[in-house]
Amino acid sequence: DFNGDGNDDVVGRTATGQLWIGQSNGEVFQNLYGGRVNATGWEDVVVGDFDGNGTDDLASRHVTGQWWIGYGTDGRFDIKYAGQWSGTANWQDVVVGDFDGDQQDDIAGRTAAGAIWIAHIDNGRIRNEFAGNWRANGWENVLVGDVDGDQLDDLIGLNDRGEIYVNLANPNGGRRVTDFIDRWDPNHTYVATVGDFNHDGRDDIAGLDENGHWVMTSLVTDQGQPQNTRPFGATVPGNNGPGLFVFTRRFGVMQQLDGNDLLTAGNFL
């Protein structure tokens, strides 16, 4: 939402570096010229509210390591240099979240060597924070969510061993800590997502394996203790009968839904 009207918009870059915004009025897109950047050399492009004014902005990292932010205005980007990352670190899994709770989005990334860095944007300039080390490779899903309910985003990683690690924010401003929280079956490959699936105020981690089965991990204390991983349903109902099972923690029973229903993300408790 680059103009703050409550409608999501789309943005694209032409081969010559022109930025075009498809600004939605809720029914159609109006194409607006949004500015110009270098035609080549861009490696990461992310969207977030980097100045906390309620409209989305566009941040791009050049191959040289320079970060540029296009601040959303009414139909155009105000493009400004924001700061620098290494141009030789081979950045992986660049994601956006509010990791310090200042109501402005930050940018996190992991180097090829496994070092995690967070770019906090203060008054338009990047302040880089070293956030710890993970394995250098093997990460299959890297996500953002508030898993301990402290209103600060955390960085979540699921690796090829089925291990889930969380890089937790420190609400007192101290150094971030990476904790191992759970292990899923390493014999499966998962597509993971994050959301508050049990309505307890903490984000959970749900994974869909190659056979269409869901698992979920929840944290049940502020100290990050994991609730046991449990089956969370299936995407393929049984033939001519009930086939989708969802664990409803409020009642402590397995609730069987009609075989024609589908599991969707949302508040179903």
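Report on the accompanying structure.

Before going further, it helps to examine the sheet that holds strand E3 (residues 29-36). Pairing in this open sheet of three strands is antiparallel, and the strands run E1-E2-E3 from one edge to the other. Edge strands, defined here as strands with exactly one partner in the open sheet, are strand E1 (10-13) and E3. Here the average twist between neighbouring strands, direction ignored, is 25 degrees. Taken together, the four bridges between E1 and strand E2 (residues 18-24) define a ladder with antiparallel strand orientation. The residue bridging Arg 13 from the neighbouring strand is Leu 19, located in E2.

Glancing now at the side chain of Asp 9. Note on placement: Asp 9 falls in the segment before E1. One buried charge, Asp 9, has no salt-bridge partner; the nearest side chain with opposite charge is Arg 76, at 15 Å. There is a polar contact of 2.8 Å between the side chain of Asp 9 and the backbone nitrogen of Phe 2. Ignoring sequence-local partners within four residues, the contact set of Asp 9 consists of Asp 1, Phe 2, Asn 3, Ile 21, Gly 22, Gln 23 and Ser 24.

The next subject is the environment of Asp 9. What makes Asp 9 buried here is its relative accessible area of 11%. Remark: the alpha-carbon pair of Asp 9 and Ser 24, spanning 15 residues in sequence, is separated by 5.4 Å. At 2.8 Å, the side chain of Asp 9 forms a polar contact with the backbone nitrogen of Ser 24.

A word on the packing of aromatic side chains. Under the defined criterion, the tally for this structure stands at ten aromatic pairs. Ring centres of Trp 67 and Trp 85 lie 5.3 Å apart, and the angle between their planes is 90 degrees; this geometry places the pair in the edge-to-face category. With Trp 67 in strand E6 (residues 66-72) and Trp 85 in the loop between strand E7 (77-84) and strand E8 (92-97), this pair connects stretches of sequence that are 18 residues apart. This pair shows no difference in class: Trp 67 is buried, exactly as Trp 85 is. Joined through ring pairs, the aromatic side chains of Trp 134, Trp 139, Tyr 165 and Phe 180 make up one cluster.

The next subject is the sheet that holds E7. The four strands are arranged E4-E5-E6-E7 in an open sheet whose pairing can be described as antiparallel. The outermost strands of the open sheet, each flanked by one partner alone, are strand E4 (42-48) and E7. Averaged over neighbouring strand pairs, the angle between their axes works out to 20 degrees when direction is ignored.

This part is about the side chain of Asp 182. Locating Asp 182 in the fold gives a position in strand E15 (residues 177-183). Buried charge Asp 182 goes without a salt bridge, the closest partner of opposite sign being Arg 183 at 7.4 Å. Here Thr 217 takes part through its side chain, which lies 2.6 Å from a polar atom of the side chain of Asp 182.

Its place among the elements puts Ile 116 in strand E10 (residues 115-122). We classify Ile 116 as buried; its relative accessible area is 1%. Every residue in contact with Ile 116, bar those within four places of it in the chain, is listed here: Gly 109, Arg 110, Glu 129, Phe 130, Ala 131, Gly 132, Trp 134, Leu 155 and Asn 167.

Right, let's get into unusual backbone geometry. Even without a glycine there, the phi angle at Asn 123 is positive, about 50 degrees. Here Asn 123 lies in the loop between E10 and strand E11 (125-133). Not every positive phi belongs to a glycine, and His 199 is a case in point at roughly 60 degrees. Position of His 199 relative to the elements: it lies in the loop between strand E16 (190-195) and strand E17 (204-209).

As for its position among the elements, Thr 111 is in the loop between strand E9 (106-110) and E10. We classify Thr 111 as buried; its relative accessible area is 8%. C-alpha separation for the pair Thr 111 and Trp 91, spaced 20 residues apart in sequence, amounts to 4.6 Å. Not counting residues up to four positions away in its chain, the partners in contact with Thr 111 are Ala 89, Asn 90, Trp 91 and Trp 117.

About the thresholds
Residues numbered from 1 in each chain as written. Predicted model: local features only at pLDDT ≥ 70, side-chain atom pairs only at ≥ 80, totals over all residues. Heavy atoms only, no water. Pairing = 2+ DSSP bridges. Helix = DSSP H or I, 4+ residues; strand = E, 2+ residues; numbered from the N terminus. Axes fitted to C-alpha atoms, helices over the stretch in contact; angles between N-to-C directions. Buried < 20%, exposed > 50% of the residue type's maximum accessible area, 1.4 Å probe, protein only. Lys, Arg positive; Asp, Glu negative; His and termini not counted. Salt bridge = Lys/Arg side-chain N within 4 Å of Asp/Glu carboxyl O. Polar contact = N/O pair within 3.5 Å; in protein donor to acceptor, adjacent residues only side chain to side chain. Contact = heavy atoms within 4.5 Å. Phe/Tyr/Trp six-rings, centres within 6.5 Å; stacked < 30°, edge-to-face > 60°.

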